[in-house]
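As a plain string of letters, each chain reads:
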Amino acid sequence: MSEHCQHADNVAAYLLGALADADRTAFEAHVAGCAHCRQDVADLRIVTDALPLGVTPLAPPPHLRERVMDTVRAEADLLHATGPAADRPRPPRRRFGQWFGRPFAIAGAAAALVVGVAVGFGLGNATEDEPATRTVVQVRTVQAEVDPRAAPQGAAFIVMRNGVATLRVRGLPQPPRGFVYEVWLLRRGAAAPSPTDALFGVSRADGSGRVALPSVRGVEAVLVTAEPAGGSPAPTTQPFINAAL
Amino acid sequence: MQLVQRAEAPAFEVIYDRHAGAAFSLAYRMCGARQLAEDIVQEAFLSIWRSGGRYDRRRGSVRTWVLGITHHRAIDALRRGVVQDRHRASDEGIEERFEAEDRTDREVARREEALEVRGALDGLPAEQRRAIELAYYGGFTQSEIAEMLGVPIGTVKGRMRLGMEKMRDRLEPPAEVLP
């Protein structure tokens, strides 16, 4: 065993992940300044690189890939649409009642069309520990009105699955450079829409995109505008998507 | 990886397809519950996606990097107490039902690698193998292992160290002999 310094006997435990958090932090600080321990870590790392490969090879379930890639695609679209400014902090929100002096309306907006209420069956959270159970999955889809001047080929839907709402769009143009699409919720009795954290971009290939919405309980309409990257506390452009719930 | 660093989803898809099997197998081996293994792998890959720029090729292959992150995530889950029975290696018999089939060269290679590493581990004296398994796959700290085995912590350190040195000697490719 290497005895070049008092920390050498922690090298194996460090590589195996067997140091408590505080000990690991202290050891990492030590290694940064100790060439002997660094070499020791490098010499034994081949073992911890190999250990994860020594387990029974299993096939990951296909739905895991869908879950991961759905999130990745949505975030990639958003990043490409907004650029580095997407990460900047949002400005403080203002009270809309003060900002909007008149009831909010979209020119020529018609009531959104409810195209379907589906009740289906699915496997709810089936795991090996718990037998699969049949659960009712309630899906309601609301088609939104899309302003043809802003998006001649555009279509938008609100999909509500067991109370969780998602906005799905297709055929939308890219937001103007430096802008992002922002979702707003018009609550019953409110004079102006509330902002949400739901900012999104759309795929360059087909203008599609999706974004999860906050709770739509008590919401009369879901609106979308193009806003400067990072979003706005109040709409700065006219909504071009309007889904009446 | 450069494409992943530029937030290109299709490039990330390739990374996922290449390494998700090994990551899922490791997470499942560590936590012994399929649903939790899925959550660990999802967390690991999303953290990789969100920090794609941090990959440093000097520190090893992409696979080593992915599996290292998966291992850390699994240890976090184990130490948060998400797993009820950490002594249990896995749900009995589940591996047999979900074992990857040898349909591709990659899966055949994975199985061969697993056998080689398993051989190196099984070749250790039982007490050294136990210490390494409890640490790496069980997520236990050296203090916890010492308590479980009823031996001083210095003994646990020594067993882990000796076991790793023997495994290294067995796994390292033989040095080339120059003519």
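Scroll up to find the structure.
Just so it is clear, the model here is predicted, and its values are computed rather than measured. (Residues numbered from 1 in each chain as written. Chains lettered and ligands numbered in written order. Predicted model: local features only at pLDDT ≥ 70, side-chain atom pairs only at ≥ 80, totals over all residues.)

Student: So, helix H2 (residues 21-32) of chain A: which residues are in play, and what are the values?
Tutor: Between its terminal C-alpha atoms H2(A) stretches 17 Å, which fits the 16 Å expected from twelve residues at 1.5 Å a residue. Counting buried positions along H2(A) yields zero of twelve residues, so the element is predominantly exposed. (Helix = DSSP H or I, 4+ residues; strand = E, 2+ residues; numbered from the N terminus. Expected span 1.5 Å × (residues − 1). Buried ≥ 20, exposed ≤ 12 C-beta atoms within 10 Å, placed from the backbone.)

Student: So what about the interface of chain B and chain A? Which residues, and what values?
Tutor: Residue-level contacts link 59 residues of chain B with 41 residues of chain A. Split into classes, the residues belonging to the side of chain B that touches chain A amount to 31 nonpolar, eleven polar and 17 charged. (Contact = placed C-beta atoms within 7 Å. Nonpolar A, V, L, I, M, F, W, Y, C, P; charged D, E, K, R; others polar.)

Student: Let's hear about the nonpolar core: which residues, and what values?
Tutor: The biggest cluster of nonpolar side chains holds 63 residues, and the ones touching the most others in it are Ala23(B), Ala27(B), Cys31(B), Ala135(B) and Met160(B). When residues in this core are grouped by element, the largest group, 13 residues, is from helix H2 (residues 9-31) of chain B. In this view, Met160(B) contacts Ala12(A), Ala13(A), Leu16(A), Ala18(A), Ala131(B), Ile132(B) and Ala135(B); residues no more than four positions away in its chain are not counted. Counting residues in each nonpolar core, the second largest holds 35 residues, with Leu167(A), Leu172(A), Phe200(A) and Val202(A) among its members. (Core = buried A, V, L, I, M, F, W, Y, C linked by C-beta atoms within 7 Å.)

Student: Please provide a residue-by-residue account of the sheet that holds strand S7 (residues 194-200) of chain A, values included.
Tutor: All names here are of chain A. Pairing is antiparallel across the open sheet formed by five strands, whose spatial order is S3-S10-S9-S6-S7. Edge strands, defined here as strands with exactly one partner in the open sheet, are strand S3 (145-146) and S7. Across four bridges, the pairing between strand S6 (residues 179-187) and S7 is antiparallel. Each residue of the ladder has a partner; that of Tyr 181, found in S7, is Phe 200. (Pairing = 2+ DSSP bridges.)

Student: I'd love a proper account of the packing of helix H3 (residues 34-50) of chain B against helix H4 (residues 62-79) of chain B, names of residues and values included.
Tutor: Residues and elements named next belong to chain B. At their nearest, the axes of H3 and H4 sit 9 Å apart, and the two run at 130° to each other. Here H3 lies oblique to H4, going by the angle between them. In this structure, H3 crosses over H4, and the sense of that crossing is right-handed. From H3, Leu 36, Ile 40, Val 41, Glu 43, Ala 44, Ser 47 and Ile 48 reach across to H4, where they touch Val 66, Ile 69, Thr 70, Arg 73, Ala 74 and Ala 77. Its residues assigned to classes, the contact of H3 with H4 comprises nine nonpolar, two polar and two charged. (Axes fitted to C-alpha atoms, helices over the stretch in contact; angles between N-to-C directions. Parallel < 35°, antiparallel > 145°, perpendicular 65-115°, else oblique. Left-handed = near helix turned anticlockwise from the far one by under 90°.)

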